[in-house]
Amino acid sequence: MGLFDQMATFVRVVDAGSLSAAARALRLSLPAVSRQLHALEADLDVKLLLRSNRGLQLTDAGHRFYAESVGILASVERARAATGDRDAIAGRLVVSVAISVG
């Protein structure tokens, strides 16, 4: 998985409040979500989440990365929506045919 997917998973984990809830929402296994988070933290060389039996807590770096990630993901979604509308054909189509053809 690339950085974009890891970022989306991280945001989902924070929004869901737990790895298990995020895994269910993403339709991934819990180990897959955990691997993505570990890979993201390794790539960034910073701890984003503090995990304990009481739940998850964002570190200071985690708060900053979360805020930036939400903005980036929203921008990508807006770009996707903007390009999707141009390819769509909309409107009314009227076809006239002679009775003999019909």
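Predicted, not measured: the structure shown is a model, and the values here were computed from it.

(A) Geometry of the side chain of threonine 59. Structurally, threonine 59 can be placed in the loop between strand S2 (55-58) and helix H4 (60-87). With residues near it in sequence (within four places) discarded, threonine 59 still touches Lys47, Leu48, Leu49 and Leu50.

(B) Examining the pairing of strand S1 (residues 49-52) more closely. In this sheet, S2 lies alongside S1 in antiparallel orientation, the contact comprising four bridges. Directly across from leucine 49, in S2, lies its bridge partner leucine 58. In this antiparallel pair of consecutive strands, S1 and S2, the connection spans two residues.

(C) Spatial organisation of the packing of helix H2 (residues 19-26) against helix H3 (residues 30-44). H3 packs onto H2 with a crossing angle of 110° between their chain directions and a minimal axis gap of 9 Å. Taken together, the axes of H2 and H3 are roughly perpendicular relative to one another. Along the contact surface, H2 presents Leu19, Ser20, Ala23 and Leu26, while H3 presents Leu30, Val33, Ser34 and Leu37. By residue class, the composition of the contact of H2 with H3 is six nonpolar, two polar and no charged.

(D) Local environment of the nonpolar core. In terms of nonpolar packing, the biggest core is built from 13 residues, with Phe10, Val13, Leu37, Leu49 and Phe65 touching the most fellow members. When residues of this core are traced back to their parent elements, those giving at least two are helix H1 (3-16), H2 and H3.

(E) Up close: H2. When we look at burial in H2, the residues that qualify are Leu19, Ala21, Ala22 and Ala23. Packed against the buried residues of H2 are H1, H3 and S2. Of the residues that open H2, the one with a side-chain oxygen 3.0 Å from the backbone nitrogen of alanine 21 is serine 18. Directly after H2, the chain includes arginine 27, whose backbone phi takes a positive value near 55°.

Quick notes on the rules
- Residues numbered from 1 in each chain as written.
- Predicted model: local features only at pLDDT ≥ 70, side-chain atom pairs only at ≥ 80, totals over all residues.
- Heavy atoms only, no water.
- Helix = DSSP H or I, 4+ residues; strand = E, 2+ residues; numbered from the N terminus.
- Contact = heavy atoms within 4.5 Å.
- Pairing = 2+ DSSP bridges.
- Axes fitted to C-alpha atoms, helices over the stretch in contact; angles between N-to-C directions.
- Parallel < 35°, antiparallel > 145°, perpendicular 65-115°, else oblique.
- Nonpolar A, V, L, I, M, F, W, Y, C, P; charged D, E, K, R; others polar.
- Core = buried A, V, L, I, M, F, W, Y, C linked by side-chain atoms within 4.5 Å.
- Buried < 20%, exposed > 50% of the residue type's maximum accessible area, 1.4 Å probe, protein only.
- Polar contact = N/O pair within 3.5 Å; in protein donor to acceptor, adjacent residues only side chain to side chain.

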